[in-house]
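# Structural overview
The residues making up each chain are set out below.
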Amino acid sequence: MMSLQSPKVGFVSLGCPKASSDSERILTQLRAEGYAISGSYDDADLVVVNTCGFIDSAVEESLDAIGEALAENGKVIVTGCLGAKSDVVKAAHPDVLAVTGPHALEEVMTAVHAHLPKLHDPYTDLVPPQGIRLTPQHYAYLKISEGCNHRCSFCIIPSMRGDLVSRPIGEVMTEAENLVNAGVSELLVISQDTSAYGVDVKYRTGFWNGRPVKTRMTELARALGDFGVWVRMHYVYPYPHVDEIIPLMADGLILPYLDVPFQHSSPRILKAMKRPASSENNLARIKAWRDICPDITIRSTFIVGFPGETDEDFEHLLDFLQEAQLDRVGCFAYSAVDGAAANALDQHVPESLKQERLARFMEVQEAISAEKQKAKVGRIETVLIDEVDGDEAIGRTAADAPEIDGVVYLSGADGLQPGDLVEAQIVNSDGHDLWAAPPARN
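Read on for an overview of the structure. (Residues numbered from 1 in each chain as written. Predicted model: local features only at pLDDT ≥ 70, side-chain atom pairs only at ≥ 80, totals over all residues. Heavy atoms only, no water.)

## Looking at the overall build of the chain
Filter applied, for reference: Think of it this way: any DSSP run of H or I at least four residues long counts as a helix, any run of E at least two long counts as a strand, and we number them from the N terminus. Using a 1.4 Å probe on the protein chains alone, a residue whose accessible area is under 20% of its type maximum counts as buried, one over 50% counts as exposed, and one in between counts as partly exposed. In what follows, residue pairs with any heavy atoms lying within 4.5 Å of each other are defined as contacts. Here the accessible surface of atoms and residues is derived via Shrake-Rupley with a 1.4 Å probe, and residues count as covered only by protein chains that are part of the display. Asp and Glu are treated as the negative residues and Lys and Arg as the positive ones, with His and the ends of the chain left uncounted. Charge placement uses NZ in Lys and CZ in Arg. For Asp and Glu, CG and CD serve respectively.
Helix and strand counts for the chain stand at twelve helices and 20 strands. Viewed in the frame of its principal axes, the chain has a C-alpha envelope of about 65 × 60 × 45 Å. Burial statistics for the chain: of 442 residues in total, 54% are counted as buried. A sequence separation of at least 24 residues applies to 73% of the contacts in the chain between residues at least 6 apart. As displayed, the chain has an accessible area near 19,500 Å², and 51% of this comes from carbon and sulfur atoms. Separation of charge centres in the chain, based on 38 positive and 64 negative side chains, amounts to 7 Å.

Rendered as structure tokens:
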């Protein structure tokens, strides 16, 4: 039972799954030290706001969240990507108690200790082995590294999070084991650059439960697959060795799902973005991946309206979409990010033209997605249940990552619980979601 005297910390977590992973580590440490976690501003002794600062809209959302926390509580510690620009935070909100950058557990805890000293209580200084999670109990993000060695001209992540630092393989595997033992049905592997895992330590061999495991994406994926839960790979940069994990998908060891941010197809634009791969190579590799694992789902993200993008470059991108037939696609109109090298490029695309291209891009992709979804009607799919309401449930297939892809609306869900894996027959579809029922019985 939580002591009534335990100091209480409120928490606001914004941004991507990598930021959520940072939040979970901070929350875990807070609970380990005996702090209570408050769900309201009024009840909290101070509030930690984990911010996002990748694009202008995220900066605005983060500054608004800090302002709300200050207005409602008055004692606020700021961390996260926007915290790397402490001058921006302090200019907007000079009354914050402290500002730290991302991946700054020790700095955040130092600030908490300074402004809200903890009371030691041996009965409350305990947390479960899997730590404190912001996700539902049946899935969890597994961060394997921090930072990035690439210098894409549109991105400022390396300036905020630094160069690649891989977590020890034994530490990653122990966290994964604790999560699975706690009932997690799906592990979502995340980082800034998942396929670069281990580059910084020259793929050295680590140990987990006395077993040698190389600090490398392929070996990590194979080891995680042994847990018998869904393993989903995110943020996979298209290095040649990515081809090695496709057979693991074909064998059912990890999910046949690959999140690969291609960003564009035009060689000229890819060069300006400082992205190495060509669209021709990518198309050949997509074909090879599908030859090995026909059920693979390929998700990607793209940027339209990048400085210097011509009509010809954009048409090249639309042609790539038609030929690649990707399953899940996100697209953004280029937004100048303070500190990004691309800001200095010539021939910035007018905002109205960016939005026009974005609309055309999504129209093409939505037609592709709708056809791919329609092809699933009549099939039996394994569905991971996320929510249950009476005899109806919402879940996802192996082709759907939480929060970014589609869902399955399932009827006849009596007795199901979140985290259950069930067989369902797809009965209808649209461009994003599926509808399903229990399989028909003869």
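## Quick look at the nonpolar core
What counts is decided by this rule: Here the nonpolar core consists of buried residues drawn from Ala, Val, Leu, Ile, Met, Phe, Trp, Tyr and Cys, with membership extended through side-chain atoms lying within 4.5 Å.
L224, I245, L258, F302 and F361 are the most contacted members of the largest nonpolar core, which totals 55 residues. Sequence-distant contacts of L258, defined by excluding residues within four places in its chain, comprise M233, V236, V242, I245, I246, M249, W289, I296, T297, I298 and R299. Within the second largest apolar cluster, 17 residues are counted, among which are A44, V47, V76 and V99.

## Notes on the sheet that holds strand β5 (residues 98-99)
How we decide: Here, strands pair whenever DSSP counts at least two bridges between them. Here, axes are lines fitted to C-alpha atoms. For helices the fit covers the stretch in contact, and angles between N-to-C directions go from 0 to 180 degrees.
Read across the sheet, five strands follow the order β2-β1-β3-β4-β5 without closing on themselves; strand pairing throughout is parallel. Among the strands making up the open sheet, the edge pair consists of β2 (36-38) and β5. Sheet topology places strand β4 (residues 76-80) next to β5; two bridges connect them, and they run parallel. Paired with V78 across the two strands is V99, which belongs to β5. Packing against the sheet, helix α1 (residues 17-32) makes contact with β1 (8-13), β2, β3 (46-51) and β4, and its axis sits at approximately 175 degrees to β1. Lying on the sheet, helix α2 (residues 56-72) is in contact with β1, β3 and β4; it crosses β3 at an angle near 180 degrees.

## With respect to a nonpolar patch on the surface
For clarity, the threshold we go by: Patch definition: residues with relative accessible area over 30% and no salt bridge; like charges joined within 9 Å; nonpolar side chains (Val, Leu, Ile, Met, Phe, Trp, Tyr) joined within 5 Å. Within this document, salt bridges are pairs made up of a side-chain nitrogen of Lys or Arg and a carboxyl oxygen of Asp or Glu, the two lying within 4 Å of each other.
Where nonpolar side chains cluster on the molecular surface, the patch consists of Y409, V427 and W435 and spans about 260 Å² of accessible area. Locating V427 in the fold gives a position in strand β19 (residues 421-429). Judged by its relative accessible area of 49%, V427 is partly exposed.

## Quick look at a negative patch on the surface
Taken together, the side chains of D42, D56, E60, E61, D64, E68, E72, D87 and D338 make up a negatively charged region of the molecular surface. The element that contributes the greatest number of residues to the negative patch is α2, accounting for six residues. One can find E68 in helix α2. On the accessibility criterion, E68 (44% relative accessible area) is partly exposed.

In short, geometric facts, not functional conclusions.
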